[in-house]
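Per-entry structural report
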Amino acid sequence: MPPLLSPLPRVAPRALRLCLGRRYLSASAPGGDFAVIGGGITGLSTAWFLYQRSQTTDQKKHRTKITLFEAADRTGGWIQSKHVDVPGGRVLFETGARTLRPTPPGGRAVATLIEELGLKDDLIFGSKDSPAAIRRWLYNGKLVELPHPKLGLLDLGMKLFTQPALKGIISGVFSEPQVSPRPDNVTDESVGSFVTRRMNKAIANNLTSAVFHGIYAGDIWQLSARSLLPSLWHGEKEYGSLVLGSPAIRTLWEEKDEALQKRLFETDAPADLVLRHNMASSSVFTLRGGLEQLSRRLEEKLLQKGVTIRKGTPVTKLEPSEDKLRVKVFTKDSAEPQTFTNVIATCPAKTLSSMLTAPSGTPLVPLLSTIPAVTVNVINLWYPDPHLLPIRGFGSLIPQTTPLEDNPCWALGIVYDSEIVQGQDSVPGTKLTVMLGGHWWDGWSEIPGEEQSIRFAKETVARQLGITAEPAAVNFSSQKECIPQYTVGHTARMAQAHHGLKRTFGDGLSVAGSSYTGVGVNDCIKAAYNNVVWNMATGLEPFTVKAKYRSINMPNPWE
Ligand SMILES: Cc1cc2nc3c(=O)[nH]c(=O)nc-3n(C[C@H](O)[C@H](O)[C@H](O)COP(=O)(O)OP(=O)(O)OC[C@H]3O[C@@H](n4cnc5c(N)ncnc54)[C@H](O)[C@@H]3O)c2cc1C
């Protein structure tokens, strides 16, 4: 089976290398002493790709040493799967990420990684034809089902004409082609403003805000359209209309994604055809033991391959050596720094920013501290009755305009876990996850604690789904500042942060992870891959060049 990262020179097509040129490729020597900061999925996969690169023929001649520093006493970061005893068996609760999308190239790269790590037999899939893939709900005082092509035209018409929450879709779609593209001097705007400008405010408030609650727990009037809707942002300029351009927009591939997809295609990865077929026909996938199985296996494999993993060792400070050829890493447990040729920081940007201070205490790359993150309280509930849900589907999301009297617990949504994937629990039952907070709690000095959050979760489930039974198992986690928010201007700020890092550390310190180029697990693994494969100097290079897209019709990206 070809590893995802070998042999290195074939990774990028020649044209792409020429076009990105030296801007992407740093001057760092082969081999070296690498420090990875953070043992979340980005840090673990960065260490894995570094190890893989060290095994390629041209690199094998040189010595590579990899040390991963993790502040906590476990790796995995926001990926954490808990097994809980319930009457008659055990169930699995995810306190962070729960399912991944198979969409290539990220999903395909992750499937390849899972295959390389020997975990493919533990994959479980949610079919594209399952109710969870087709049926999604909004809650704005009452449950409203969203249209889906598989539910048919009649269903679509009925919903669009009768549901007040879907008001504005028809007029928005028909009027959109007449809207002029944004002027050249608009370099970014909020997601809310973009959708309102192209369609109307009702769509932004009722639909878009609910979807963004589900992914970012964020406020569409703060989040950046350029960063979070990149192909639509590009498509508006390229095709003049999102509606008329939609067939082409749906086939757009960003250059780096195209290179990764080409690489996977050329190396026939993942190798297992059944796995590829399952991926192509699924809407989501995960692992039988939960997503933490992936981070645990990565840790195990890294240790086997001689990578040093220092858990419970927070990095406190980073300093360039005088010649900027090495980086000094200070940790809490030692007065003396260790030095490395390259450091890849995958901890949150704000934490990294606090490590980068001049002797006077002034921040060296202040823009890194400007990426805010929201807190989400996650409450997992399990009920022994497998038929408790009155409706079928993935879950329900709450639009930003839902009045407080209909959402007094500041819920973002409910995930119907037991509908989405089966095979993680040893007993049948109904499993739900309620997520509270996110941007609703912006500016709060105190947020609800465990007891209140569990009460809120039960109230939310009763209000939306009429479920008043007591759960047999409950798990509460308060995920502090867990989802970074790419607010308007993120791209420009990260371009400047690139220059700040480069000025201070030369090619010595690069960054990757959920603070920068996407919060999904697939995005994090892709960022780790790109960082290593492009041998990036700062990891923020993509923000300094205009993203290039090509429309490519790929009927089966899994072939
Ligand atoms: C509730 C929730 C649900 C989610 N659901 C999904 C989902 O269904 N699908 C999906 O794709 N994504 C989901 N995500 C997003 C995804 O889980 C995260 O974005 C991703 O796991 C982030 O990985 P990371 O390695 O970049 O960062 P992190 O997981 O934050 O890892 C960073 C690591 O750095 C360590 N660290 C911090 N400071 C230091 C220091 N000073 N020194 C050393 N180490 C340090 C931390 O302890 C941590 O382990 C969800 C996230 C949350 C919170």
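Keep in mind it's a predicted model, so treat the numbers as computed, not measured. (Residues numbered from 1 in each chain as written. Predicted model: local features only at pLDDT ≥ 70, side-chain atom pairs only at ≥ 80, totals over all residues. Heavy atoms only, no water.)

With that settled, the discussion passes to the overall build of the chain. Scanning the chain for helices and strands turns up 20 helices and 21 strands. Against the 2.2 N^0.38 benchmark of 24 Å for 559 residues, the chain shows a C-alpha radius of gyration of 23 Å, consistent with a compact globule. Taken along the three principal axes of its C-alpha coordinates, the chain extends 65 × 60 × 55 Å. Sorting the 559 residues of the chain into buried and exposed places 56% on the buried side. (Helix = DSSP H or I, 4+ residues; strand = E, 2+ residues; numbered from the N terminus. Rg over C-alpha atoms; globule rule 2.2 N^0.38 Å. Buried < 20%, exposed > 50% of the residue type's maximum accessible area, 1.4 Å probe, protein only.)

Let us now look at the site of the ligand. Thr42, Glu70, Trp78, Val519 and Val521 are the nearest of the 33 residues found near the ligand. Interatomic distance of 3.1 Å between a backbone N/O atom of isoleucine 41 and an oxygen atom of the ligand. Here an oxygen atom of the ligand sits 2.7 Å away from a polar atom, N or O, in the side chain of threonine 42. Contact with the protein chains covers 87% of the free accessible surface of the ligand, which is 1000 Å². Listed by contribution, the elements that provide at least two residues to the shell around the ligand are helix H2 (41–54), helix H16 (349–355) and helix H20 (521–533). Residue composition of the shell around the ligand, grouped by class: 18 nonpolar, 13 polar and two charged. Two domains each provide a minimum of three residues to the shell around the ligand, namely domain 1 (8–75 + 290–370 + 488–551) and domain 2 (81–133 + 372–484). (Near = heavy atom within 4 Å. Polar contact = N/O pair within 3.5 Å; in protein donor to acceptor, adjacent residues only side chain to side chain. Areas by Shrake-Rupley, 256 points an atom, 1.4 Å probe, with all protein chains shown as cover. Nonpolar A, V, L, I, M, F, W, Y, C, P; charged D, E, K, R; others polar. Domains from an automatic or database assignment.)

Next up on the list: helix H15 (residues 292–304). The end-to-end C-alpha distance of H15, which contains 13 residues, comes to 18 Å, matching closely the 18 Å that a straight helix rising 1.5 Å per residue would cover. When we look at burial in H15, the residues that qualify are Glu292, Gln293, Leu294, Ser295, Leu298, Glu299 and Leu302. For H15, the elements touching its buried residues are H2, strand E3 (81–86), helix H4 (106–116), strand E9 (282–287), strand E10 (308–310) and H20. (Expected span 1.5 Å × (residues − 1). Contact = heavy atoms within 4.5 Å.)

Under the present numbering, the feature "domain: Amine oxidase" (unreviewed entry) in UniProt falls on residues 41–529. As annotated, residues 41–529 comprises 36% helix and 21% strand, and the C-alpha atoms at either end are separated by 12 Å. (UniProt positions renumbered as here; feature names shortened; annotations may be inferred.)

The space that makes up the second largest pocket amounts to roughly 370 Å³. Surrounding the second largest pocket, 20 residues form its lining, Pro386, Ser418, Glu419, Gln422 and Gly429 being those nearest its centre. Where the lining of the second largest pocket is concerned, the elements lending two or more residues are helix H17 (417–420) and strand E18 (430–437). In the lining of the second largest pocket, the residues fall into nine nonpolar, seven polar and four charged. (1 Å grid on protein atoms, 1.4 Å probe; cavity = no way out; pocket = protein on both sides within 12 Å on 5 of 7 lines; lining within 4 Å. Points joined across faces, edges and corners; volume = space filled by probe spheres on them.)

For the rest of this paragraph, the subject is empty space enclosed by the protein. Per the counting criterion, the structure on display carries three cavities of 30 Å³ or more. There is about 100 Å³ of room inside the largest cavity. Taken together, Leu92, Phe93, Glu94, Arg98, Thr99, Thr286, Asn380, Asp417, Ile420, Val421, Gln424 and Lys431 make up the full set of residues lining the largest cavity. Secondary structure elements with two or more residues in the lining of the largest cavity: strand E4 (89–94) and H17. Looking at the lining of the largest cavity element by element, the count peaks at three residues for E4. Taken together, the residues of the lining of the largest cavity sort by class into four nonpolar, four polar and four charged.

What follows concerns the nonpolar core. Of all hydrophobic cores here, the largest spans 45 residues; its most connected members are Ile41, Trp48, Ile66, Ile114, Leu294, Leu298 and Ile525. Discounting residues that sit within four places of it in the chain, leucine 294 has contacts with Ile41, Ile114, Leu117, Leu119, Leu287 and Ile525. (Core = buried A, V, L, I, M, F, W, Y, C linked by side-chain atoms within 4.5 Å.)

Read across the open sheet, the seven strands follow the order E7-E6-E16-E17-E18-E15-E19; overall the sheet is mixed. Unpaired on one side and paired on the other, strand E7 (143–145) and strand E19 (473–484) mark the two borders of the sheet. Here the strands of the sheet are splayed against their neighbours by 25° on average, with no regard to which way each runs. (Pairing = 2+ DSSP bridges. Axes fitted to C-alpha atoms, helices over the stretch in contact; angles between N-to-C directions.)

What follows deals with the sheet that holds E10. Judged by pairing direction, the sheet is parallel, and its five strands sit side by side in the order E10-E2-E1-E14-E20 without closing on themselves. For this open sheet the edge positions go to E10 and strand E20 (509–511), each flanked by a neighbour on one side alone. Averaged over neighbouring strand pairs, the angle between their axes works out to 20° when direction is ignored. The pairing of strand E1 (residues 32–37) with strand E14 (residues 342–345) spans four bridges and is parallel. When the bridges of E14 are listed, valine 36 appears paired with isoleucine 344.

So, about the state of the cysteines. One pass over the full model with this rule turns up zero disulfides. Between cysteine 409, a free cysteine, and cysteine 482, which holds the nearest cysteine sulfur, the sulfur-to-sulfur gap is 19 Å. By relative accessible area, cysteine 409 is classed as buried at 1%. (Disulfide = S-S within 2.5 Å.)

What follows covers the packing of helix H8 (residues 191–198) against helix H11 (residues 230–239). For any two helices packed against each other, the geometry comes down to the angle between their axes and how far apart the axes lie. Where H8 meets H11, the axes come as close as 12 Å, and the angle between the chain directions of the two elements is 35°. The element H8 and its partner H11 pack so that their crossing is left-handed. Side by side, H8 and H11 meet where Phe194, Arg197 and Arg198 of the first sit next to Leu232, Trp233 and Glu236 of the second. Here the residues of the contact of H8 with H11 sort into three nonpolar, no polar and three charged. (Left-handed = near helix turned anticlockwise from the far one by under 90°.)

Our next topic: the packing of aromatic side chains. Counted according to the given criterion, the structure contains eight aromatic pairs. Feature note: the residues Trp410, Trp441, Trp444 and Phe456 constitute an aromatic cluster, connected by ring pairs. Over the aromatic face of tryptophan 221 sits the side chain of lysine 201, whose NZ or CZ is 5.5 Å from the ring centroid. (Phe/Tyr/Trp six-rings, centres within 6.5 Å; stacked < 30°, edge-to-face > 60°. Lys NZ or Arg CZ within 6 Å of the ring centre and 35° of its normal.)

On domain assignment, one finds that the chain holds domain 1 (8–75 + 290–370 + 488–551) and domain 2 (81–133 + 372–484). On a C-alpha basis, the centres of domain 1 and domain 2 stand 30 Å from each other. On the domain 2 side, the residues contacting the 19 residues of domain 1 number 24 residues. Note on domain 1 versus domain 2: buried area summed over both sides is about 1800 Å², and carbon and sulfur give 64% of it. Among the residues of domain 1 in contact with domain 2, Leu291, Arg297 and Asn522 are the three that bury the most area, contributing 28% of the side total. Seen at the junction of domain 1 and domain 2, the total is one salt bridge. With a shortest N-O distance of 3.4 Å, glutamate 481 and lysine 350 are connected by a salt bridge. Applying the counting criterion to the domain 1 and domain 2 interface returns nine residue pairs in polar contact (both at pLDDT 80 or more). Looking at the side of domain 1 that touches domain 2, the elements with two or more residues in it are H2, H15 and H20. (Buried area = accessible area lost by both parts, 1.4 Å probe. Salt bridge = Lys/Arg side-chain N within 4 Å of Asp/Glu carboxyl O.)

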